[in-house]
Every structure is written in C-alpha cells, then in structure tokens.
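Architecture at a glance
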Amino acid sequence: MAIRIIRQEGDEILKKKSREVDVIDEKIQVLIDDMIETMHKYNGVGLAAVQVGILKRVIVIDIYDDNGPIVLINPVITKTKGEQEVDEGCLSFPNKFAKVIRPKEVTAEYLDRNGKSKKIKAKDLLAQAICHEVDHLNGEVFVDKIIPGTLEYIEPENNK
Ligand code: NI
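Residues numbered from 1 in each chain as written. Predicted model: local features only at pLDDT ≥ 70, side-chain atom pairs only at ≥ 80, totals over all residues. Heavy atoms only, no water.

Attention now goes to the environment of Glu 109. Along the chain, the position of Glu 109 falls in strand 6 (residues 105-111). Along the primary structure Glu 109 and Thr 78 are separated by 31 residues, whereas in three dimensions their C-alpha atoms are 6.9 Å apart. When near neighbours in sequence (up to four residues on either side) are disregarded, Glu 109 contacts Asn 74, Pro 75, Val 76, Thr 78, Lys 118 and Lys 119. (Helix = DSSP H or I, 4+ residues; strand = E, 2+ residues; numbered from the N terminus. Contact = heavy atoms within 4.5 Å.)

Written out as structure tokens, the structure is:
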C-alpha cells in the first residue's frame, strides 16, 4: 500500500466527472487500499478517487465507528430524507471549513470491492460523508454549496 498525493484546491481535475468502474481488477484493488491508507494518514472521513487523480467512481469512507472503512464503487444515491446543517471540510481544501445543508438520511446502492451489489441506509455523519464523496464523483466540491458567511480558514498546525 502507498500514500497517494491528494489533489488540492485549484486542481482542475476536481471539477471533472468520474467514470463508472466496469471491471474491478487488481489495479482497482490497489487503488482502494491506497485510498484507505491515504484517508487514514490525513484523518479524513472520506476520499474519492478523483482526489488522488483517478477519474473512477470509487469512494472510501470511515467514520471511525465499529464498522471500519466502507468502500463504495459506482455509488448511486437512491433516496434522501430530511435535512441537517453540518460543519464540513475536505482533504482537498485542508484549511477550509464551512456549514452546508445535507440530507439527514440517504439510501445508496453500490458495488462493494468484491463486485457484490449492496444497499446502505445512512444517517447523520455517514449520510453527510456519502453525499460529499458522491459530489466529488460528479465534479462538485463542498465550497460551492456552503451556507453564505460560514466559511472559515484555519491555519494548518505544525506539519506532522
Ligand atoms: Ni472532499
């Protein structure tokens, strides 16, 4: 496994739409492992493949509960319910935080890393993370949908 370079604000690739994964091959498995390692290294809750420069519809999420990291390939949000106002950040915008409105609950269908069709019902932070990462696959980033006046810049701590 390897830590991959995270594409940062201003990188045009972040605005591009990712393509569906047709075949979950060894290359995709390596990508997934690297994405999980990279997300953990930077204490992220989620990471989309586009953020490491790969335009494929693959996301990883870890809300640091008992379930461990979740891998979603070709995810589609099929249902949303309610709203929540949440604080949000992104590993591609390391110093920016803002409030956004996300659905309170989402249902998503996806393939797991073994190619098996799955459905997940998520709420709260997990719902927020799924929405944020699926946005990345569509070339959308959270700073474009923040509640006006809530953007904060936080100076980075000493590099770890
Ligand atoms: Ni992000």
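Back to the text.
The protein atoms donating to the nickel ion are Cys 90 (SG), His 132 (NE2) and His 136 (NE2), with metal-donor distances spanning 2.0 to 2.2 Å. One chain supplies every donor for the nickel ion, spaced along it as C-x41-H-x3-H. In this pair, His 132 and His 136 both sit in helix 2 (residues 124-137), four residues apart, roughly one turn of the helix. (Donors = N, O, S within 2.8 Å, 3.2 Å for Na, K, Ca; no water.)

This next bit is on the nonpolar core. Counting 28 residues, the largest nonpolar core has Ile 59, Ile 61, Leu 72, Ile 120, Leu 126 and Ile 130 as its most contacted members. Elements with a contribution of two residues or more to this core: strand 2 (58-61), strand 3 (70-81), strand 4 (84-90), strand 5 (93-102), strand 6, strand 7 (117-123) and helix 2. With seven residues, the top contributor of residues to this core is helix 2. Discounting chain neighbours no more than four positions away, the residues touching Ile 59 are Met 35, Leu 47, Ala 48, Ile 70, Val 71, Leu 72, Pro 75, Glu 133, Val 134 and Leu 137. Formed by 16 residues, the second largest nonpolar core is a distinct cluster that contains Ile 28, Ile 32, Met 35 and Ile 36. (Core = buried A, V, L, I, M, F, W, Y, C linked by side-chain atoms within 4.5 Å. Buried < 20%, exposed > 50% of the residue type's maximum accessible area, 1.4 Å probe, protein only.)

Here helix 2 contains 14 residues, and its C-alpha end-to-end distance of 21 Å stays within 8% of the 20 Å for a straight helix at 1.5 Å per residue. Of the residues trailing helix 2, Gly 139 is marked for its positive phi of about 75 degrees. (Expected span 1.5 Å × (residues − 1).)

Moving on: the sheet that holds strand 4. Across the sheet, which stays open at both edges, the three strands sit in the order 4-5-8 with antiparallel pairing between neighbours. Sheet topology places strand 4 and strand 8 (152-153) at the edges, where each strand pairs with a single neighbour. In this structure, strand 4 lies alongside strand 5, joined through six bridges in antiparallel fashion. Directly across from Glu 85, in strand 5, lies its bridge partner Ile 101. Lying over the sheet, helix 2 contacts strand 4 and strand 5, oriented at roughly 55 degrees with respect to strand 4. (Pairing = 2+ DSSP bridges. Axes fitted to C-alpha atoms, helices over the stretch in contact; angles between N-to-C directions.)

Opposite charge on two side chains permits them to pair, given that their charged atoms come into close proximity. Overall, the coordinates contain 12 salt bridges when judged by the stated rule. Note that Asp 34 is salt-bridged to Arg 4, the shortest N-O span being 2.8 Å. Within this pair, whereas Asp 34 is found in helix 1 (residues 26-41), its partner Arg 4 is found in the segment before helix 1, the two being separated by 30 residues in sequence. Since its relative accessible area comes to 5%, Asp 34 is described here as buried. In this structure, Lys 96 engages Glu 9 in a salt bridge whose closest nitrogen and oxygen atoms are separated by 2.8 Å. Of this pair, Lys 96 sits in strand 5 while Glu 9 sits in the segment before helix 1, and the two are 87 residues apart along the sequence. In this structure, a network of salt bridges that share partners links the residues Glu 88, Arg 102, Asp 135, Glu 140 and Lys 145. (Salt bridge = Lys/Arg side-chain N within 4 Å of Asp/Glu carboxyl O.)

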